[in-house]
Amino acid sequence: MGLMGRVNLFFSDSRKLLYLSLGMAAFFVLLHLLFCIDIYDDVASCYAWDAREVGRGEWAKGFNPGLPPLMTYSAGLLCALGMEAFTATIMISGLLYILTAFPIYFLIRDLLGEKYAGWGAFAFVMAPKIIRFSCSGMPNAGRNFFMIMALYLLFSFFKKRTPLKLVFLGASIAGLALSRGEGIVFLPVFALVFVIVYLVLRDGNTLNFKYILRMLLQGLIVIAAFLTIASPRMIQMYRHTGIPVLDSRQAGRINELRASLGLLEKVPDGNAVQSAEEKQSEPVYLNKKQFKRFINTFSRGSYELYLIFAAIGAIVLIYRREWRYEYYVLLAFALINALIFYFVVVSYRYFLVNVLLFMPFTLKGFELVWLLLNHKMIAAYKGTKYIFPALIAGLALGHTWNGVAKLTDTEDFYYEKAVSEWLAEQGARSGISKLKIMSVQPQYPFWADAEHVKFYENREKCIKELDGYGYDYIVLETKHEDKIDAIRQHPGLEEVSQQWSNDVLVFRPKAAFKEQNNEKTNE
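This section reports on the structure supplied with the text. (Residues numbered from 1 in each chain as written. Predicted model: local features only at pLDDT ≥ 70, side-chain atom pairs only at ≥ 80, totals over all residues. Heavy atoms only, no water.)

When helices and strands are tallied, the protein chain shows 28 helices and 5 strands. The 523 residues of the protein chain split such that 50% are buried. Long-range contacts, defined here as pairs at least 24 residues apart, represent 71% of the contacts in the protein chain between residues at least 6 apart. When the accessible surface of the protein chain is summed, it comes to about 25,900 Å², and 61% of that surface belongs to carbon and sulfur atoms. (Helix = DSSP H or I, 4+ residues; strand = E, 2+ residues; numbered from the N terminus. Buried < 20%, exposed > 50% of the residue type's maximum accessible area, 1.4 Å probe, protein only. Contact = heavy atoms within 4.5 Å. Areas by Shrake-Rupley, 256 points an atom, 1.4 Å probe, with all protein chains shown as cover.)

The following block contains the structure:
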């Protein structure tokens with residue numbers, strides 16, 4: 001057998017493709033563990049920050065009522081074992097990214113057949129935007145894993161109904177809710193789909209009281225499994241907000257509803273989410289601009305190349321009359337996710353789960369292209385047998401390079417960590433027990449293991465904040481010209497000389513300014 005024969009044989013073996021997918025995913029995670037220093041705002045300000053505090057045993061500081069706890073506490077456990085916080089968050093998100101290859105493999109196998117399953121896993125782990133956000137400490141990998149696992153278990157249950165699948169289904173929905181704030185929204189969606197499919201797929205059973213009772217009892221297994229996993233967090237939040245929810249945003253929405261119904265005189269003050277997510281979650285009006293923004297983020301998150309093939313694949317399935325009820329469910333989940341985020345200004349990463357939800361359609365679109373490339377009119381020409389392997393190799397290389405772009409652009413971020421470590425040294429020499437850094441980006445206080453003093457976007461509020469002595473250093477990148485101008489005009493501040501001044505400027509209060517404000521504080 002020649003080389004091309006062995007290559008074709010390898011790629012026709014679905015199990016070998018799964019192993020290749022797992023190996024590639026592990027390789028991408030390892031690269032980020034070793035070389036990634038580009039830390040996202042939310043990771044620096046929330047996930048890694050809180051995980052570090054949890055790892056130190058500072059539960060009160062690590063407790064963020066506005067964020068789901070799965071990423072924070074899991075990474076915090078690794079921090080307690082001695083792992084650095086950013087590395088710990090990459091490890092948790094990377095592990096969930098690797099594990100997602102299994103449920104997507106089994107889901108595709110059940111929907112399309114064994115020969116497609118390996119390709120589904122491979123297409124998932126090689127999607128560049130999946131790589132980028134799954135290997136960077138963000139909670140998207142958790143949502144991807146638990147959502148697709150729950151859907152696989154739901155579909156699998158109706159093929160062979162066993163109580164154990166329901167237990168794992170409830171646990172997966174709980175994992176979804178503890179991974180992302182909007183995850184709890186999908187609990188009633190799963191319940192509705194469960195009831196509808198249960199009643200439709202009766203397999204000859206009579207729709208009577210006994211059948212409905214069995215459905216309800218099996219549904220209770222799912223609820224019980226969900227509550228077993230989620231109840232510790234619900235108890236924690238009940239003590240904090242008075243409502244057994246999973247984060248303070250949910251408590252806020254419930255209190256707003258109660259107030260609108262006249263059940264509350266005043267909405268209690270809640271704890272704000274300290275993340276870039278919350279800053280971006282301001283409601284917007286239903287207009288053309290918002291619709292265009294939504295289409296852009298939706299298509300980018302779904303990954304444009306895959307989305308095009310998914311549209312082709314859906315047409316193929318309909319044309320061949322191979323459409324199944326599961327496809328309606330997958331599309332419904334994509335639609336509900338889109339509705340959740342339509343009215344907020346969000347990053348495209350919130351739609352990355354579509355790569356998984358649309359995968360059966362994407363694979364059918366890929367198959368149509370493969371059939372066209374192997375058409376007898378094309379196959380008659382010499383060398384055409386190399387076209388498909390060459391396309392796969394080219395796409396794989398392109399996806400890899402795109403997916404690990406965070407590792408190749410380190411020149412733009414090396415100074416963040418270098419300046420932060422230098423500031424930590426300056427603080428230690430000055431005998432400051434806990435450094436306070438005012439900055440726009442949370443990366444600087446994170447890398448310096450310092451307290452973050454927020455630098456307000458509003459110029460007037462920013463200048464007013466400068467008059468208070470609540471910081472040891474101010475760090476601004478040179479692009480923030482308006483803020484730098486305000487600081488240089490402030491009589492109580494001085495610039496600190498350091499070697500990264502082409503990228504970053506550092507300021508501190510003058511000694512007299514410190515003494516003056518200390519006297520005011522003592523008074």
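Back to the text.
Before going further, it helps to examine the pairing of strand S3 (residues 473-477). With 5 of 5 residues buried, S3 lies mostly within the body of the structure. What you see with S3 is no split at all: Tyr473, Val475 and Glu477 on one side and Ile474 and Leu476 on the other are buried throughout. Sheet topology places S3 next to strand S5 (residues 504-509); 4 bridges connect them, and they run antiparallel. When the bridges of S5 are listed, Ile474 appears paired with Phe507. (Pairing = 2+ DSSP bridges.)

A few words now on the environment of Val195. One can find Val195 in helix H12 (residues 186-200). Once the C-alpha coordinates of Val195 and Leu216 are considered, the two residues, 21 residues apart in sequence, prove to be 8.7 Å apart.

Another aspect to go through is the packing of aromatic side chains. Applying the stated rule across the entire model yields 36 aromatic pairs. Centre to centre, the rings of Phe86 and Trp447 are 5.8 Å apart; their planes meet at 85 degrees, and the pair counts as edge-to-face. Here Trp447 lies in helix H25 (residues 443-447) and Phe86 lies in helix H6 (residues 85-99), a separation of 361 residues in the sequence. Assessed through its relative accessible area of 2%, Phe86 is described here as buried. Measuring from centroid to centroid gives 5.6 Å for Trp323 and Tyr328, while their planes differ by 70 degrees, and the two rings are edge-to-face. Its relative accessible area of 55% is what places Tyr328 among the exposed residues. Site record: aromatic cluster; members linked through ring pairs are Phe294, Phe298, Phe341, Tyr342, Tyr350, Phe351 and Phe358. Above the ring of Tyr348, the side-chain terminus of Lys129 is found at 5.3 Å from the ring centroid. (Phe/Tyr/Trp six-rings, centres within 6.5 Å; stacked < 30°, edge-to-face > 60°. Lys NZ or Arg CZ within 6 Å of the ring centre and 35° of its normal.)

Right, let's talk about helix H20 (residues 359-373) for a bit. The end-to-end C-alpha separation of H20 is 21 Å, in line with the 21 Å expected for 15 residues at 1.5 Å each. Three or more residues of H20 are buried, namely Met359, Pro360, Phe361, Thr362, Leu363, Lys364, Gly365, Glu367 and Leu373. (Expected span 1.5 Å × (residues − 1).)

Evaluation of the coordinates by the stated rule reveals 21 salt bridges. Ionic pairing is found between Glu367 and Lys115, a salt bridge with its closest N-O pair at 3.9 Å. Within this pair, whereas Glu367 is found in helix H20, its partner Lys115 is found in helix H8 (residues 114-126), the two being separated by 252 residues in sequence. Look at Glu367 and you get buried, because its relative accessible area is 13%. Since its relative accessible area comes to 54%, Lys115 is described here as exposed. We note a salt bridge from Glu495 to Arg488, for which the minimum N-O separation is 3.4 Å. Judged by relative accessible area, which is 39%, Glu495 ranks as partly exposed. Here the salt bridges share partners, and the residues they tie into one network are Arg52, Glu53, Arg56, Lys434 and Asp449. (Salt bridge = Lys/Arg side-chain N within 4 Å of Asp/Glu carboxyl O.)

Another point: the packing of H12 against helix H13 (residues 209-241). Between two packed helices, the angle of one axis relative to the other and the distance separating the axes together describe the packing. The geometry of H12 relative to H13 is characterised by a closest axis approach of 11 Å and an angle of 155 degrees between their N-to-C directions. The angle between H12 and H13 places the two elements in the roughly antiparallel class. Here H12 and H13 pass one another in a crossing that is right-handed. For the pair H12 and H13, the contacting residues are Leu187, Phe194, Val195, Tyr198 and Leu199 in the first and Tyr211, Arg214, Met215, Gln218, Gly219, Ile223 and Phe226 in the second. (Axes fitted to C-alpha atoms, helices over the stretch in contact; angles between N-to-C directions. Parallel < 35°, antiparallel > 145°, perpendicular 65-115°, else oblique. Left-handed = near helix turned anticlockwise from the far one by under 90°.)

So, about the sheet that holds S5. Within the open sheet, the 5 strands sit side by side as S2-S1-S3-S5-S4. Their pairing is mixed. Either end of the sheet is taken by a strand with one partner, and the two such strands are strand S2 (451-454) and strand S4 (493-496). When the angles between neighbouring strand axes are averaged without regard to direction, this sheet yields 30 degrees.

Before going further, it helps to examine the side chain of Ser172. Take Ser172: it is sitting in helix H11 (residues 163-179). Judged by relative accessible area, Ser172 falls into the buried class, the value being 7%.

In this section: unusual backbone geometry. Glycine aside, residues mostly have negative phi angles, and peptide bonds mostly take the trans form. Of note in this structure, Arg321 is not a glycine but carries a positive phi near 60 degrees. With respect to the helices and strands, the residue Arg321 is situated in the loop between helix H17 (304-319) and helix H18 (325-342). The exposed category is assigned to Arg321, whose relative accessible area is 79%. In the Ramachandran plot, Asp449 falls in the positive-phi region, its phi being about 55 degrees despite a non-glycine side chain. Looking at where Asp449 falls in the secondary structure, it is placed in the loop between H25 and S2. Among the residues examined, Asp449 registers a relative accessible area of 27% and is labelled partly exposed.

Look at helix H10 (residues 140-159) against H12: their axes get within 11 Å of each other, and the N-to-C directions meet at 15 degrees. On the basis of their axis angle, the class for H10 and H12 is roughly parallel. Of the two elements, H10 crosses H12, and the hand of that crossing is right-handed. The segment H10 lies against H12, with Met147, Ala150, Leu151, Leu154, Phe157 and Phe158 engaging Phe186, Phe190, Val193, Phe194, Val197 and Tyr198.

Turning our attention to H18. Taking 1.5 Å per residue, 18 residues should reach 26 Å; H18 reaches 26 Å between its end C-alpha atoms and fits that length. Residues of H18 that are buried include every one of Glu326, Tyr327, Val329, Leu330, Phe333, Ala334, Asn337, Ala338, Phe341 and Tyr342, and no others.

Core analysis: the largest hydrophobic core is formed by 120 residues, its most contacted members being Tyr97, Leu151, Phe190, Phe333, Leu357, Met359 and Phe446. Examining the composition of this core, we find that 14 residues originate from one element, H10, more than from any other. Those residues in contact with Phe446, other than ones at most four positions away along the chain, are Ile39, Ala44, Ala48, Trp49, Arg52, Glu84, Ala85 and Phe86. In this structure, Val419, Ala448, Trp500 and Val506 belong to the second largest nonpolar core, which totals 15 residues. (Core = buried A, V, L, I, M, F, W, Y, C linked by side-chain atoms within 4.5 Å.)

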